[in-house]
Amino acid sequence: MKKVCTKLFILFAAFALVAMPAAAYANENVIAKEPVSSAPGQQQSASLDLAPSARSAVLMDADSGTIIFEKDSNVKLPPASITKVMTLLLIMEALDDGKIKLTDKVPTSEYAASMGGSQIFLEPGEEMSVDEMLKGIALASGNDASVAMAEKLAGTEQQFVAMMNEKAQQLGLQNTHFANCNGLPASDHYTSANDIAVMSRELLKHSEITKYTGMYQDYLRKSSEKPFWLVNTNKLVRFYSGADGLKTGFTNEAKFCLTATAKRDNLRVIAVVMGEPNTKTRNAEVSQMLDFTFAQYMTHPIFKEGDTMGTVKIEKGAVRELPLVAKHPYSILLKKGAATKDIRYELQIDQPLKAPVAIGQSIGKLVVYQGDQIVKEFPVDAPQSIGKAGWWMMLKRSFGGLF
C-alpha cells in the first residue's frame with residue numbers, strides 16, 4: 001500500500017510539472033556576450049550636400065538599417081519601376097516558402113502581354129520559367145513579366161497588388177500605396193525614398209536576388225530563332241565597383257529614379273534617389289553617395305549569415321528548444337577609426353514563449369549596447385513553426401528520469 005501511495009504521489013507531481021509555466025527558463029533565454037565592438041557612426045544629414053538634384057534621397061546601411069543621409073525622404077512620390085522591388089520581394093518570399101520553384105512555367109495572359117513601356121515582349125500564351133521571368137523583371141524591367149508573375153502568384157494582378165499593400169503595412173511603410181505591380185502611371189500609386197530603402201533592405205535579405213539584379217546582360221528565348229538580348233537598365237552594376245542592384249525607374253511624372261546597392265569589405269549600402277533630371281546625373285549622384293559611405297564608414301559584424309545565435313526554450317512545444325540561426329548578417333555601422341572595445345549584445349526572448357509558435361512570429365530582439373547605452377535593436381523572428389506537444393509527450397517528459 002505504501003508503494004502504491006508513493007507512485008500516486010509521483011504521478012500527481014508529474015502532472016503539476018506539466019502544468020507549471022516555464023519561468024525557470026527565463027534566464028536561459030537571455031544570452032549576453034562580452035564587448036566586441038564600438039560606437040556606431042552618427043547620421044550626418046544636416047552637414048552633407050549629397051544628391052543636390054534629386055527631389056528626394058536616402059542613404060542607408062543595409063545590415064543595420066542605419067540612415068546615413070536623407071533628403072525629404074518621407075515625401076510621397078511616384079516610384080515608376082522601382083515599384084518592382086516589392087514585386088520581386090513577394091516573388092522571392094514565394095520561392096522561399098516553396099509556393100513556386102525557379103523551374104515552374106509561367107503562362108502569359110492577354111492582359112499581361114498588353115502592358116506597354118519596358119517589356120520583354122511576351123506573346124499571349126507564351127510560357128517562361130520563373131527564373132527567366134525574374135531576369136526579365138530585374139534586368140529589362142519588364143512590365144509584362146511583372147504582371148505574368150503577379151497572376152502566377154495571386155491569380156490576378158489586383159489580388160497581387162493587395163498582397164503588395166499588405167506587405168507594405170507589415171514593413172511599417174507609412175508613405176506607400178500601390179495600384180499596380182509594375183509602376184506604370186496610376187492614381188493613388190506612390191511611395192517615398194525612405195520606404196523604398198526599407199523594402200530594398202528587405203529584398204536584400206534574400207541574398208540570391210543579386211544573382212539577377214547584379215547581372216549586366218543575358219538572353220531570353222536562347223533556343224529560339226530570335227533570342228532576346230537583356231541589358232541591365234542599371235548601368236552601375238557594370239561601371240561601379242561592388243554594385244549588384246537593385247532597380248531603376250522612369251516615367252515622365254516620376255523622372256529618373258534609382259535604388260542602388262553596392263558591397264565592399266562586408267559593408268553593404270543602399271542609395272535611393274527620386275526625381276532626378278536625367279540618367280547621367282542620377283548615376284553620378286548615387287555613385288557619390290556610395291563613395292562617401294565607403295570612405296567614411298565600416299561595419300562591425302555581430303552575427304554572420306548562418307551563425308548560431310542561441311537556443312530558445314519553448315513551453316509545451318512539440319520540441320523543447322528552438323535553435324536560432326542568423327538568416328542574414330547582423331552588424332552595426334561604425335565611423336572608420338572608431339574604438340572597438342565596449343560593444344556587447346544580448347538576445348532577449350519574449351517570456352514566456354509558449355507553443356504553438358508560427359514561422360516568422362516575433363519572439364524577441366537582439367539588442368546591441370555600447371556600455372550601458374543601446375546602440376541598435378534587431379527584431380528576432382521564429383525560423384520555423386512549432387506545434388503544441390500532445391498530452392502523451394508531456395507525460396513522458398514528466399516521467400523521464402523518475403523510473
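Quantities reported herein were computed from a predicted structural model and do not represent experimental measurements.

Enquirer: Explanation requested: the packing of helix α4 (residues 130-138) against helix α5 (residues 143-154) in the structure shown.
Expert: A pair of packed helices can be characterised by two numbers: the angle between their axes and the separation between those axes. Look at α4 against α5: their axes get within 8 Å of each other, and the N-to-C directions meet at 140°. Between α4 and α5, the crossing angle belongs to the class labelled oblique. For α4 against α5, the interelement crossing comes out left-handed. Counted together, V130, M133 and I137 of α4 and A145, S146, A148 and M149 of α5 form the full contact between these two elements. Residue composition of the contact of α4 with α5, by class: six nonpolar, one polar and no charged.

Enquirer: Even after reading the chapter, I still don't get the layout of surface pockets, so can you show me in this structure?
Expert: Over the atoms rolls a probe the size of a water molecule, and in doing so it shows where empty space is left. One number sums up the size of the largest pocket: a volume of about 1,400 Å³. Along the wall of the largest pocket there are 39 residues; nearest its centre are E93, K167, E202, K327 and D381. Residue assignment for the lining of the largest pocket shows that the elements contributing at least two residues are α2 (84-96), α6 (157-170), α7 (193-204), β13 (321-325) and β17 (373-381). At six residues, the largest contribution of residues to the lining of the largest pocket is made by β17. There is about 440 Å³ of room inside the second largest pocket. The wall of the second largest pocket is formed by 20 residues, among which D63, K263, R268, E305 and P329 lie closest to the centre. Residue assignment for the lining of the second largest pocket shows that the elements contributing at least two residues are α7 and β11 (297-303).

Enquirer: Explain empty space enclosed by the protein to me, please; I cannot follow it from the model alone.
Expert: Per the counting criterion, the structure on display carries one cavity of 30 Å³ or more. A volume near 60 Å³ is recorded for the largest cavity. Every residue lining the largest cavity is listed: P78, P79, A80, G183, L184, P185, A186, H189, T251, E253 and A254. When the residues that make up the lining of the largest cavity are grouped by side-chain class, the tally is seven nonpolar, three polar and one charged.

Cut-off values and rules
Residues numbered from 1 in each chain as written. Predicted model: local features only at pLDDT ≥ 70, side-chain atom pairs only at ≥ 80, totals over all residues. Heavy atoms only, no water. Axes fitted to C-alpha atoms, helices over the stretch in contact; angles between N-to-C directions. Helix = DSSP H or I, 4+ residues; strand = E, 2+ residues; numbered from the N terminus. Parallel < 35°, antiparallel > 145°, perpendicular 65-115°, else oblique. Left-handed = near helix turned anticlockwise from the far one by under 90°. Contact = heavy atoms within 4.5 Å. Nonpolar A, V, L, I, M, F, W, Y, C, P; charged D, E, K, R; others polar. 1 Å grid on protein atoms, 1.4 Å probe; cavity = no way out; pocket = protein on both sides within 12 Å on 5 of 7 lines; lining within 4 Å. Points joined across faces, edges and corners; volume = space filled by probe spheres on them.

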